[in-house]
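Each chain, written out:
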Amino acid sequence: MKFHWGHGIFVFYVFFVATLVVVVIKSRTFDNSLVDENYYARDINYQQEYDRRLNSNSLAEPLRIVAADGGYELRFPRIGPGKVAGTVHLYRPSTNEDDRRLPLMVLDDGTMPLPLKGMNPGRYSAIVEWRANGVDYYDELDLTVKP
């Protein structure tokens, strides 16, 4: 049997349809979860977030994540006698199933141990929204959880 242009068109059509089927199957298994369920509200209030970031950047000593005994801890700057309040959102970009939101519980020495027990290893972003002495702050810090 001789291979002619009709066979070429048929082979191209079969390859094209097979590629489309593979793309559709892959797209059905893709996790397209949102970064934040309330992203419209966050977008509207972005100016407040920007102001809180400026407040954080104006501190002489920034908020840091440091290695501690068997894990990590947040180390807050000393900014006065007021109590620190707020939340920590441990956000994993690859999947929202591993995200955690925790209230801030800062110890007297200005640190907060991060409870990493039960967390899957990988890259996280620690989003800290905090308030001290009547001023709001916003920090995003990188965190890598190791097995």
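Now for a quick tour of the structure. (Residues numbered from 1 in each chain as written. Predicted model: local features only at pLDDT ≥ 70, side-chain atom pairs only at ≥ 80, totals over all residues. Heavy atoms only, no water.)

### Observations regarding the sheet that holds strand β5 (residues 111–114)
Short version of the rule: By definition, two strands form a pair when at least two bridges between them are found by DSSP. The numbering of helices and of strands both runs from the N terminus, where a helix is a DSSP run of H or I of at least 4 residues and a strand a run of E of at least 2. In this description, a line fitted to the C-alpha atoms serves as the axis of each element, helices being fitted only across the stretch in contact, and the angle between N-to-C directions of two axes falls anywhere from 0 to 180 degrees.
Pairing in this open sheet of three strands is antiparallel, and the strands run β1-β2-β5 from one edge to the other. Sheet topology places β1 (64–68) and β5 at the edges, where each strand pairs with a single neighbour. Sheet twist, expressed as the average angle between the axes of neighbouring strands with direction ignored, equals 30 degrees. Where β1 and strand β2 (residues 71–75) come together, five bridges link them in antiparallel fashion. Paired with V66 across the strands is E73, a residue of β2.

### What about the packing of aromatic side chains?
Test applied: Aromatic pairing here means that ring centres of Phe, Tyr or Trp (its six-membered ring) are within 6.5 Å. Orientation follows from the plane angle: under 30 degrees is stacked, over 60 is edge-to-face, and everything else is tilted. Partly exposed residues are those whose accessible area sits between 20% and 50% of the maximum for their type, while under 20% is buried and over 50% is exposed, using a 1.4 Å probe and protein chains only.
Tallied over the full model, the rule gives three aromatic pairs. On the numbers, 6.4 Å between centres and 15 degrees between planes, the contact of F12 with F16 is stacked. Residue F12 and its partner F16 are both found in helix α1 (residues 5–28); the two are separated by four residues, about one turn of the helix. Given a relative accessible area of 42%, F16 falls into the partly exposed group. Through pairs of rings, three or more aromatic residues link up here, namely F76, W130 and Y137.

### Observations regarding the nonpolar core
The following threshold applies: Put simply, buried Ala, Val, Leu, Ile, Met, Phe, Trp, Tyr and Cys residues joined by side-chain atoms within 4.5 Å make one nonpolar core. Residues count as neighbours in contact if any of their non-hydrogen atoms are within 4.5 Å of one another.
L74, F76, L104 and W130 are the most contacted members of the largest nonpolar core, which has 23 residues in total. Mapped onto this core, the elements with two or more residues apiece are β3 (85–91), β5, β6 (122–132) and β7 (135–145). Counting residues per element, this core draws most heavily on β6, which supplies five residues. Ignoring anything within four residues of it in the chain, the contact list for L104 reads L74, F76, V84, A85, G86, T87, V88, M112, V128, E129 and W130.

### Examining the environment of I65
Take I65: it is sitting in strand β1. Apart from residues lying up to four places away in sequence, I65 is in contact with Y72, E73, L74, L114, A126, L141, D142 and L143.

### A word on the layout of surface pockets
To be explicit about the condition: Put simply, the grid is 1 Å and covers the protein atoms alone, a cavity is a trapped set of points that fit a 1.4 Å probe, a pocket is an open set with protein on both sides within 12 Å along at least five of seven lines, and lining residues have an atom within 4 Å of a point. Grid points are joined across faces, edges and corners, and a volume is the space filled by probe spheres set on the points.
The volume enclosed by the largest pocket comes to roughly 260 Å³. In terms of lining, the largest pocket is formed by 15 residues, of which the most central are G80, G82, V84, D108 and G110.

### Focus on helix α3 (residues 46–57)
Filter applied, for reference: For a helix, the expected span equals 1.5 Å multiplied by the number of residues minus one. The arc in question is the one traced by the directions running from the helix axis out to the C-beta atoms.
With 12 residues, α3 extends 16 Å between its outermost C-alpha atoms, agreeing within 8% with the 16 Å of an ideal straight helix rising 1.5 Å per residue. Those residues of α3 that fall on the buried side of the exposure criterion are E49, R52 and S56. Angular distribution of buried residues about the axis of α3 spans 60 degrees; they occupy a single face of the element. Those residues of α3 that are buried lie in contact with α2 (39–44), β6 and β7.

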